Each structure stands twice: as structure tokens, then as C-alpha cells.
Amino acid sequence: MVKVTLIPGDGIGPEVTNAARLVATATGVDIDWEVVDAGERAIQAGGTPLPDSVLDSIRRNRLALKGPITTPIGGGFRSVNVSLRQQLDLYASVRPARAIAGEGTRFPETDLIVVREATEGLYSGVEHWVDRDHSAAETVNVITRKASDRIVRFAFELAKREKRRKVTAVHKANIMKTTGALFQTAFREMAAKYTDIPAEERLVDNMAMQLVKRPSEYDVIVTTNLFGDILSDLCAGLAGGLGIAPGALYGESIAVFEPVHGSAPKYAGQDKANPVAEILCLELLLRHMGKTEAADRVWRAVWETIAEKKVVTYDLALPGYTDRPVAPSGCLAMAKEIARKVPLVDLSRPMPKATAAKAAGALDASLET
Ligand code: NAD
């Protein structure tokens, strides 16, 4: 039995983590979930959003599955997500953006990985008001050679391990001539050590445009904290939306799996949220544990459920995102359908090809409403 820390989180977090646990049970992998609270529930229980008991549990188990946690906007407590990454030195945020069954996307072939430095940059928490009137403010963009070296090395190692085509570094070194150039230099020097893997650079603004026009030209993207946060949501959108986008945070010996999406407070407690992103976090966790067959079963069951489109949540049933009318199902029903399929899927059959992109006209129509 493997002990794994489970943080249900805020908003839709408890529903989607519950969904992932249901699917985990269906895989037959023996996981002992150690449930701990961070975020709003932890504040209610003990007054602090990130209790030491949460950090201790993750340090002890070295594996965690996490739901999203709400961060107050503009004031209130510091982001639990950012603190967690910094305190556990979870420096590599890895966000695969994989289209599933060609649904919800114009780009059914999308298969990108964003590797984002997660401990420094503009999220370092070094910020202050410049004057008493609060008429000017500064946020410091901390970029170190050490953190840049290890994130670019991580990206090249990942590309090598997964036989990816190339690594693209994204920065803004033309304007940010110290921080950008430091990251750029780290990338160039690391690229020179991985001569088998093509390496290139893009300025972040150009990259955003290139990605929405020709995502298939890119593969592994490595970048700093803020750019990675933004581009990984963009890539999630290319692949079919936040509802299907998982993520992983890696340190030297700890791995925490969490979806790209947030706590979506407006859907909390309504059994409406798409559980797939959290279920695919479970898939990544299983792969990390070496449970490859179980992970393959989860991926395939998700794929087939989305391709069938009989039991899918509202975001996969939107008009324009499907060529036939679908009544949306709830979070729990979709999770149960995926769990039901897990032991039944036939892994010896070749993976069905993603259906062609939905007619662009249909998508455009849905966007106008
Ligand atoms: P969000 O991801 O919660 O929501 C963005 C949009 O996507 C909303 O329309 C939402 O309803 C929809 N959405 C998100 N997840 C969905 C799902 N599983 N199924 C269907 N629809 C889904 O982003 P936000 O509104 O900017 O943030 C809400 C809160 O979450 C904020 O407090 C933010 O700080 C926090 N957040 C946490 C994390 C994390 O824990 N890692 C990540 C991002 C945002």
C-alpha cells in the first residue's frame, strides 16, 4: 500500500478529488489516502490556510494529489499554492496539454507540455507599495541562475525521456535585459549539452500568437513562472479547456499533482464541474508511481468516455463543441462512468484516432453567443 496525501481544496475541489478517488479505487492500485485540509477549510479549523501538518504530510509521503485552492484577489492571505511550491521547493510545474478525442478543440492533434519554473520570478512574493498613498507599487521579478539551470535541465531531460521533438524556451529578454537574459543564457548553455534535442527560443508575445495559430509546431515549452502560468492556460484552451487539463509539481524528491484549473467557486457544490482534469492528475500520479497499466487504463477510460459523449459534463456538451446534441451530466456521474470503464477498456486495441476538428463554423457560432 502506498500512502498519498490528499488535499481536497476549495470550491469544486472536494467534488473533483472525490471523483479521482473513485477512479483510483477502480484501478485496484492500493492507495492509502491521508486527507489533510489547506485553504478555506483549514482557516475555519485552525485559522491558518497552510498548516504545518499539510507540509509534514507531503514531506513524509512524498506524493500528493491536490484539489484547487482559492486565493483572495488583491488582499487577504498569500496564495497557498505559491507558498506550497516555495516551501516544498516544487520547482517544476509540468502541464501537459493533450487534446482528447478531438472534442472541444480546433486542434485535435494538440500534444504540448509546458514546463514552468514554479518557485521564483514574479511570484516570489517580493512586492511593496512605493509610497504612503499607495499610488505606486513594485513587484520584484527574482530570477536566479540556479533555478533557471534546474528548470531548463528538467525540460531537456523530460524531452529526452519522452522522445519529444524539441524544446522551446520562452522569455522576454529583449525588454527584461537582466532577468530575461539570465534565463536565456541558462537555456543556451544547457541546450549546448543536449545536442540531440533541437532547441529554439521565442519571445512570449510572439509565442502566444504562434500557439493559437500553429500549436502542432511546438512540443516542450520551458519558461519562467508568470509566462508559464499564462501559457499553460492558453495551451489548456487549445487542447479542449481547463476541465481536462492536469498538472504536476516536481521537487527533488516530492511530487504533487494538481489540475491547471482553479476552484471555480461559482460551481462549488453543484455537481457540475468536469472531473477529468483531476482524474488525469491521478493518471500522472499513477505513472509517477510506476503503475503504468493502471495509468493507461485511466487515460483510455477518460478518452472513451469523452469520445462517446454520453456521460459528459456541461463544458463538453456545449453547443458548437459537439456535432450532436448532448444533455450534460454531473461531475459524479461522469466520474462513475470513467470508473466503470477502467477495468473494461481493452489496452491491446490501438488508440482510436482523434475525430477531425469540429467544423470551425460551429465553434465560431458558439463563441458568438
Ligand atoms: P478557475 O480555473 O477556477 O475558473 C476559470 C473558468 O473555468 C470558470 O468559468 C470556471 O467555472 C471554469 N472551470 C474551471 N474548472 C472547471 C472544471 N473542472 N469544470 C468546468 N469548468 C471549470 O479560475 P479563476 O476563476 O481565475 O480562479 C478561481 C479561484 O481559483 C481563485 O481563487 C484562484 O486564485 C484559484 N486558483 C487556484 C489554482 C490552484 O489551486 N492551483 C489554480 C488557478 C486558480
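Scope of this entry: the structure provided in the associated data block.

Calculation notes
- Counting restarts for each chain: residues are numbered from 1 in the order of the written sequence.
- Predicted model: local features are reported for residues with pLDDT of at least 70 only, side-chain atom pairs are reported and counted for 80 or more only, and whole-chain, interface and lining totals are derived from all residues.
- Side-chain calculation: all heavy atoms of the structure are included, whereas hydrogens and water are not.
- If even one non-hydrogen atom of a residue comes within 4 Å of a molecule or strand, that residue is called near it.
- Here a polar contact means two N or O atoms within 3.5 Å. Within protein one must be a hydrogen donor candidate and the other an acceptor candidate, and residues neighboring in sequence count only if both atoms are side-chain atoms.
- Accessible areas in this description were obtained via Shrake-Rupley with a 1.4 Å probe; residue shielding takes into account the shown protein chains only.
- Classes in brief: Ala, Val, Leu, Ile, Met, Phe, Trp, Tyr, Cys and Pro nonpolar; Asp, Glu, Lys and Arg charged; the others, Gly included, polar.
- Salt bridge, as applied in this entry: a Lys or Arg side-chain nitrogen positioned within 4 Å of an Asp or Glu carboxyl oxygen.
- Comment: elements are numbered from the N terminus, with helices defined as DSSP H or I runs of at least four residues and strands as E runs of at least two.
- Each residue's exposure class comes from its accessible area (1.4 Å probe, protein chains only) as a fraction of the maximum for that residue type: buried when under 20%, exposed when over 50%, partly exposed otherwise.

It is worth spelling out the site of the ligand at this point. Around the ligand lies a shell of 21 residues, among which Ile 69, Gly 262, Ala 264, Asn 274 and Tyr 314 are the nearest. Within the side chain of Glu 258, an N or O atom sits 3.3 Å from a nitrogen atom of the ligand. Between an oxygen atom of the ligand and a main-chain N or O atom of Ser 263, the distance comes to 2.9 Å. Relative to its unbound accessible area of 820 Å², the ligand is 71% covered by the protein chains. Class assignment for the residues of the shell around the ligand results in ten nonpolar, seven polar and four charged.

Tallied over the full model, the rule gives 31 salt bridges. With a shortest N-O distance of 3.5 Å, Glu 34 and Lys 3 are connected by a salt bridge. On the criterion of sequence distance, the pair formed by Glu 34 in strand E2 (residues 31–35) and Lys 3 in strand E1 (residues 2–7) is long-range, its members being 31 residues apart. For Lys 3, a relative accessible area of 39% corresponds to the partly exposed category. Ionic pairing is found between Arg 164 and Glu 162, a salt bridge with its closest N-O pair at 3.9 Å. Sharing partners across several salt bridges, the network here consists of Asp 111, Glu 162, Arg 164, Arg 165 and Asp 219.

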